[in-house]
Amino acid sequence: MFYKLLKFERTKKGLSQMALAKILGISQQTIGSWETGRTSPDLETLVKIANFFNVSTDYLLGISDSFNKKNTEELECFSSDDIEIFNKYSHLPNEVKRKIAMRIEIAYDDMLEAEKSKLDMREIS
């Protein structure tokens, strides 16, 4: 789906593969490879493409029919590290994801318990 939408957005702007490649700082061959579906851009480049065309990454990935960036404010709270971690997480097998979720839940519960203990200690003093 990405390859079709990329070509659609590029041609809608009247750009050649070479022109888009120069804008993104990559080779024309890379654009060609994306537009034939042989390869896909990394997350950082996908965000650059979405910003350039003023569309959402969900739209470019075919997740959403809406091309507007109406939900970007919600995503601004995530750092690039958060996004990179999520990108890696999304490629993991489900069993590994379940193990990670359990570890996160334990760490989160531990953090809440520690905060509660601090509050209890303040109330005592």
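Rules and cut-offs
Residues numbered from 1 in each chain as written. Predicted model: local features only at pLDDT ≥ 70, side-chain atom pairs only at ≥ 80, totals over all residues. Heavy atoms only, no water. Helix = DSSP H or I, 4+ residues; strand = E, 2+ residues; numbered from the N terminus. Buried < 20%, exposed > 50% of the residue type's maximum accessible area, 1.4 Å probe, protein only. Contact = heavy atoms within 4.5 Å. Areas by Shrake-Rupley, 256 points an atom, 1.4 Å probe, with all protein chains shown as cover. Core = buried A, V, L, I, M, F, W, Y, C linked by side-chain atoms within 4.5 Å. Patch = residues over 30% accessible without salt bridge, like charges linked within 9 Å, V, L, I, M, F, W, Y side chains within 5 Å. Salt bridge = Lys/Arg side-chain N within 4 Å of Asp/Glu carboxyl O. Lys, Arg positive; Asp, Glu negative; His and termini not counted. Charge placed at Lys NZ, Arg CZ, Asp CG, Glu CD. Phe/Tyr/Trp six-rings, centres within 6.5 Å; stacked < 30°, edge-to-face > 60°. Lys NZ or Arg CZ within 6 Å of the ring centre and 35° of its normal.

(A) Structural detail: the overall build of the protein. Check the secondary structure of the protein and you find eight helices and zero strands. Counting from the amino terminus, helix and strand elements in the protein follow one another as α-α-α-α-α-α-α-α. Going through the 125 residues of the protein one by one, you find that 21% of them count as buried. Of all intrachain contacts in the protein linking residues separated by at least 6 positions in sequence, the fraction that spans at least 24 positions is 42%. Surface exposure of the protein reaches about 9,400 Å², of which carbon and sulfur atoms provide 56%.

(B) Summary view of the environment of Lys-13. Here Lys-13 is to be found in the loop between helix H1 (2-12) and helix H2 (17-24). On the basis of relative accessible area, Lys-13 is assigned to the partly exposed category, the value being 46%. Taking the C-alpha atoms as reference, Lys-13 lies 8.5 Å from Phe-53; in sequence the two are 40 residues apart. Once you skip the residues sitting within four places of it in the chain, Lys-13 turns out to touch Phe-52 and Phe-53.

(C) Geometry of the nonpolar core. Within the largest apolar cluster, 16 residues are counted, with the highest numbers of intra-cluster contacts made by Phe-2, Leu-6, Leu-20, Trp-34, Ile-49 and Leu-60. Elements represented by at least two residues in this core include exactly H1, H2, helix H3 (28-35), helix H4 (43-53) and helix H5 (57-60). Sequence-distant contacts of Trp-34, defined by excluding residues within four places in its chain, comprise Phe-2, Tyr-3, Leu-6, Leu-24, Ile-26, Thr-39, Ser-40, Pro-41, Thr-45 and Ile-49.

(D) Quick peek at a negative patch on the surface. On the surface, a cluster of negative charge is made up of Glu-105, Asp-109, Asp-110, Glu-113, Asp-120 and Glu-123. Note that Glu-105 resides in helix H8 (residues 94-124). On the basis of relative accessible area, Glu-105 is assigned to the partly exposed category, the value being 46%.

(E) Structural context of the packing of aromatic side chains. A complete count under the given rule lists two aromatic pairs for this structure. Each ring, one from Phe-52 and one from Phe-53, has its centre 4.9 Å from the other, and the planes form 75°; the classification is edge-to-face. One cation-aromatic arrangement involves Lys-13 over Phe-52; the distance from NZ or CZ to the ring centre is 5.1 Å. For the cation-ring pair, Lys-97 lies above Tyr-89, with the distance from its terminal atom to the ring centre recorded as 5.4 Å.

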